[in-house]
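Each chain is listed here by its residues.
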Amino acid sequence: MKKLKSFIFGIIVIITAIIVFLKFSELKKIISLLTQANYLFILAALASQAFVYLFIAKTYKTISDSFSNVIINIKTFYKAAIIMLFLNQTIPSMGISGNTYFFSVLKKRGEKPGKGIFLVVFNMVVLYSSYLAAVSLAIIYLLARGNLTPLQLAAAIIMGAATIILLLLLTFLAKSANRIRKLLKFISVFFPMGTFNSDEIASELFAGKEQMAKERKVLFKAVFFRIISFAFESATIYMIFLAFGLTPNFAAIAVAYLMANLFAIITFMPGGLGVFETTMILTLRGFHIPLEAALIATLIYRAFCFWLPIPLGLWLYRKSGKENEVEIVSTKPIIETEIKKLKN
């Protein structure tokens, strides 16, 4: 197991090195530009980015507290948010690579495999539902201003179709534990499940779905926290503009961020290399923001959301791999039992 983890870490380091090599000229430009910025607004942008990870962590915490059998603190999820961003940027897979780490965090702390898979799936539903809601608002805003391009509309349709297909598929599978069991057995033919019991996993997944039906408000709460994280991403970009003496429309920045992120996701490029920057600049230009200003803001923002998480995420990922993998006995059921006793 240790050899496998070392191999995976080695692959991630190689991919990271390639990305740094390919975009080294961008990094040099960013360093040069930072020397010309107002440092107070740059610090404010960094603080805003810290809140991004906080609200992503609160999303994970909301999901975990509602459906998991283990108690995990917000600090663990905060670190997980940074590592997951790093993995999603390094190994583009529409969030799957990051969610694989999310599963390992849950498993390491004693969560059952089936419940862990359910939480990962639920987290992906929250992520794409949040994007769908936010991008829909962005499309309406662009349409109202007459700035919507056919390419932006096509990307939004692809994203929406992918989300709806995912939800329909999950709804179909969730109708019975037997359907889930058959799917798992089919998957195990191509990807052996090792010590995992497909029957147990199917039962746990179905139980999670039944619990979710009773606590639908959790989905809305988690989506709300995710959308707040998008707002702080936009605030980071806004602070960067202020750092260079510019005051653009905040809504325009939010729309530009969402469109850029949308294209970065559907293109499967590591960190959205090139795609994110181009989409961001073109969208900002559509709002009559000068090309030079759009270019500067985009490059500095990439320093915060792409370059900064690389060394930090790599260090935290390596550190998490060295932690003792001792499964912690859940205290949540014990606490709930004691509360019921007191009520009686």
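On a predicted model such as this, the values are computed, not experimentally measured, just so you know.

Rules used throughout
- Residues numbered from 1 in each chain as written.
- Predicted model: local features only at pLDDT ≥ 70, side-chain atom pairs only at ≥ 80, totals over all residues.
- Heavy atoms only, no water.
- Helix = DSSP H or I, 4+ residues; strand = E, 2+ residues; numbered from the N terminus.
- Buried < 20%, exposed > 50% of the residue type's maximum accessible area, 1.4 Å probe, protein only.
- Contact = heavy atoms within 4.5 Å.
- Phe/Tyr/Trp six-rings, centres within 6.5 Å; stacked < 30°, edge-to-face > 60°.
- Salt bridge = Lys/Arg side-chain N within 4 Å of Asp/Glu carboxyl O.
- Core = buried A, V, L, I, M, F, W, Y, C linked by side-chain atoms within 4.5 Å.
- Expected span 1.5 Å × (residues − 1).
- Polar contact = N/O pair within 3.5 Å; in protein donor to acceptor, adjacent residues only side chain to side chain.
- Axes fitted to C-alpha atoms, helices over the stretch in contact; angles between N-to-C directions.
- Left-handed = near helix turned anticlockwise from the far one by under 90°.
- Nonpolar A, V, L, I, M, F, W, Y, C, P; charged D, E, K, R; others polar.
- pLDDT = per-residue confidence, 0-100.

### Considering the overall build of the protein chain
Within the protein chain, the regular secondary structure consists of 15 helices and zero strands. Counting every position in the protein chain, which comprises 344 residues, the buried fraction comes to 46%. A separation of at least 24 residues holds for 76% of the contacts in the protein chain among residues at least 6 apart in sequence.

### Some words on the packing of aromatic side chains
By the definition in use, this model includes 18 aromatic pairs. Pairing Phe55 with Phe232 gives two aromatic rings, centres 5.5 Å apart and planes at 20 degrees, and the pair type is stacked. Of this pair, Phe55 sits in helix H3 (residues 39-67) while Phe232 sits in helix H10 (residues 217-243), and the two are 177 residues apart along the sequence. The class for Phe232 is partly exposed, based on a relative accessible area of 25%. Geometrically, the ring pair formed by Phe276 and Tyr301 is stacked, given 5.9 Å between the ring centres and 25 degrees between the ring planes. Highlighted residues: Phe276 in helix H12 (residues 275-286) and Tyr301 in helix H13 (residues 291-307), separated in sequence by 25 residues. With relative accessibility at 2%, the residue Phe276 sits in the buried group. Taken together, the ring pairs connect Phe51, Phe55, Phe224, Phe225 and Phe232 into an aromatic cluster.

### Points about the pattern of salt bridges
Summed over all chains, the structure comprises two salt bridges. The salt bridge partner of Asp65 is Lys61, with a shortest N-O separation of 3.4 Å. With Asp65 and Lys61 both in helix H3, this residue pair falls four residues apart, about one helical turn. Asp65 sits in the partly exposed class, given a relative accessible area of 36%. In this structure, the salt-bridge partner of Arg302 is Glu277, at a minimum N-O distance of 3.4 Å. You can see Arg302 sitting in helix H13 and its partner Glu277 sitting in helix H12, a full 25 residues away along the chain. For the pair formed by Arg302 and Glu277, the shared burial category is buried.

### Overview of the nonpolar core
Among the nonpolar cores identified, the biggest contains 90 residues, and Tyr101, Phe102, Phe241, Tyr257, Met259 and Leu284 are the most heavily contacted of them. Per-element tally for this core: the top contributor is helix H6 (residues 113-145), with 14 residues. Excluding anything up to four places from it in sequence, Met259 contacts Val135, Ala138, Ile139, Leu142, Gln152, Thr279 and Thr283.

### Considering helix H11 (residues 250-267)
Helix length check: H11 (18 residues) gives 26 Å between terminal C-alpha atoms against 26 Å at 1.5 Å per residue, within 8%. N-capping of H11 is provided by Asn249, with a side-chain oxygen placed 2.8 Å from the backbone N of Ala251.

### Brief notes about the packing of helix H5 (residues 96-108) against H6
At their nearest, the axes of H5 and H6 sit 9 Å apart, and the two run at 145 degrees to each other. Crossing of H5 over H6 shows right-handed handedness. Residues Ile96, Asn99, Phe102, Phe103 and Leu106 of H5 pack against Pro113, Gly116, Ile117, Leu119, Val120, Asn123 and Met124 of H6. Partitioning the contact of H5 with H6 into residue classes produces nine nonpolar, three polar and no charged.

### Re the environment of Leu291
As for its position among the elements, Leu291 is in helix H13. If we skip the residues at most four places from it in the chain, Leu291 touches Ile281 and Arg285.

### With respect to H3
When the terminal C-alpha atoms of H3 are compared, their 43 Å separation across 29 residues agrees well with the 42 Å that a helix rising 1.5 Å per residue should span. Where H3 begins, the capping side chain belongs to Asn38, and its oxygen is found 3.0 Å from the backbone nitrogen of Leu40.

### Remarks on the packing of H12 against H13
Look at H12 against H13: their axes get within 9 Å of each other, and the N-to-C directions meet at 140 degrees. Here H12 and H13 pass one another in a crossing that is right-handed. Residue-level contacts link Phe276, Glu277, Met280, Ile281, Leu284 and Arg285 of H12 to Leu291, Ala294, Leu295, Thr298, Tyr301 and Arg302 of H13. Here the contact of H12 with H13 is composed, by residue class, of eight nonpolar, one polar and three charged.

### Quick notes on unusual backbone geometry
A positive phi angle is found at His288, which is not glycine, with a value near 65 degrees. Tracing the backbone through its elements, the reader meets His288 in the loop between H12 and H13.

### Remarks on the environment of Glu215
Among the secondary structure elements, Glu215 is positioned in the loop between helix H9 (198-214) and H10. Glu215 gets classed as partly exposed once you look at its relative accessible area, which sits at 26%. Counting along the chain gives 148 residues from Glu215 to Phe67, while the straight-line C-alpha distance between them is 9.2 Å. With residues up to four places along the chain from it excluded, the contact list for Glu215 reads Ser66 and Phe67.

### Section: the confidence of the model for the protein chain
Per-residue pLDDT for the protein chain averages 77, and the proportion of residues at 70 or more is 77%. At the level of individual helices and strands, the protein chain shows its lowest average pLDDT in helix H15 (residues 332-343), which scores 43, and its highest in H10, which scores 93. Residue range residues 324-344 is modelled with pLDDT below 50. Its contacts to residues more than four positions away, or to other chains, number 21 contacts.

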